[in-house]
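Architecture at a glance
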Amino acid sequence: MYSVNVPVPGRVRQLANRLHPDLVGFETIREDHSCLLKRLGEADHVAQLQHRAHRALEGAPAVEAEITAIDYFADPPLGSAPVVYLAVESPGLEAIHADLTEAFETVEGLEGGDYVPHVTLARGGDLETATRLADREIEPIRWTVSGLEFWDGTYKLPVSRISLPA
């Protein structure tokens, strides 16, 4: 599965690392952190998929994003629950997501109107722990998103970078 992801600054990874001890009871804990912007699907010809993504993003400007809270999905459409995440507020990222949904098929229940920008921390724990984490106050983290990554989900690696001009 290929996707377009938003790289997060080191301050977000540092926050995730500080929260790690409180996540140890979950089935899976994310070690790499980014914000999934749009799933693109599988491809026989990766270069063609990249080209479509780059064309869909032509002229997209750099945007502001902010981690505002810890939250969780009690009943996610895929995978084990709950999913604990860092909430990302960014009208600009939501607009870019909307542009990408016009160029690529939308995954029902996860994208389009259902899209919630976030950085997953862990999944498959107990709801009480997720609720306790969501009740914690965090210092907001704001940054400018000046580039996106074309991500290869099979190898869990960025394949290329897409610049967003300031």
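Look up a bit, the structure's there.
Here is a short report on the structure shown in this document. Fair warning: this is a prediction, and the values are worked out from it, not measured in the lab. (Residues numbered from 1 in each chain as written. Predicted model: local features only at pLDDT ≥ 70, side-chain atom pairs only at ≥ 80, totals over all residues. Heavy atoms only, no water.)

1. Observations concerning the environment of G153
The condition that has to hold: Where helices and strands are cited, they refer to DSSP runs of H or I of at least four residues and of E of at least two residues respectively, numbered from the N terminus.
With respect to the helices, strands and loops of the structure, G153 is situated in the loop between β8 (147–152) and β9 (157–163). Along the sequence, G153 and P117 sit 36 residues apart, while their C-alpha atoms lie 18 Å from each other.

2. Observations concerning the pairing of strand β7 (residues 141–145)
What counts is decided by this rule: Categorising residues by exposure relies on relative accessible area from a 1.4 Å probe, with only protein chains included: less than 20% of the type maximum marks a residue as buried, more than 50% marks it as exposed, and the intermediate range marks it as partly exposed. Two strands pair under a simple rule: DSSP has to find at least two bridges between them.
Only one face of β7 is buried, namely the one carrying I141, W143 and V145, since none of R142 and T144 on the opposite face is buried. Here 5 bridges tie strand β4 (residues 63–73) to β7, and the two strands are oriented antiparallel to one another. Considered in β7, the bridge of E66 is made with R142.

3. What to know about the side chain of H33
The criterion, for reference: Definition of a polar contact: a pair of N or O atoms within 3.5 Å, with one able to donate and the other able to accept a hydrogen when the atoms are protein atoms, and with sequence-neighbouring residues admitted only if both atoms are side-chain atoms. Two residues form a contact once any of their heavy atoms are found within 4.5 Å.
Relative to the elements of secondary structure, H33 occurs in the loop between β2 (28–29) and β3 (34–41). Within the structure, the side chain of H33 is placed 3.2 Å from the backbone oxygen of R30, a separation counted as a polar contact. When neighbours within four sequence positions are excluded, H33 is seen to be in contact with V8, R13, A16, V119, T120 and L121.

4. Topic: the nonpolar core
Note the threshold: Each nonpolar core is a collection of buried residues, namely Ala, Val, Leu, Ile, Met, Phe, Trp, Tyr and Cys, held together in the definition by side-chain atoms within 4.5 Å.
Residues L37, I67, L86, I96, W143, V145 and L148 are the most contacted members of the largest nonpolar core, which totals 42 residues. If we ignore the near neighbours within four places in the chain, the residues touching L86 are V12, L15, L19, I67, A69, I70, H118, V119 and L121.

5. A look at the sheet that holds β9
Quick note on the threshold: Each axis is a line fitted through C-alpha atoms, and for a helix only the stretch in contact is used; angles between axes span 0 to 180 degrees, taken between their N-to-C directions.
The 4 strands are arranged β3-β1-β8-β9 in an open sheet whose pairing can be described as antiparallel. Each edge of the sheet is formed by a strand with only one pairing partner; in this case those strands are β3 and β9. Each strand of the sheet is rotated relative to its neighbour by a mean of 30°, with strand direction disregarded. Where strand β1 (residues 2–7) and β8 come together, 4 bridges link them in antiparallel fashion. Paired with N5 across the strands is E149, a residue of β8.

6. Quick notes on the sheet that holds β4
As summarised here, the arrangement of the 5 strands in space is β2-β6-β5-β4-β7, forming an open sheet in which the pairing is antiparallel. With one partner strand each, in any of the chains shown, β2 and β7 form the two edges of the open sheet. Pairing of strand β5 (residues 83–89) with strand β6 (residues 118–123), which is carried by 5 bridges, proceeds in the antiparallel orientation. Counterpart to V83 in the pairing with β6 is R123. Packing of helix α1 (residues 10–19) onto the sheet brings it into contact with β4, β5, β6 and β7, and relative to β7 it is tilted by some 140°. Docked against the sheet, helix α3 (residues 91–103) engages β4, β5 and β7, running at close to 90° with respect to β4.

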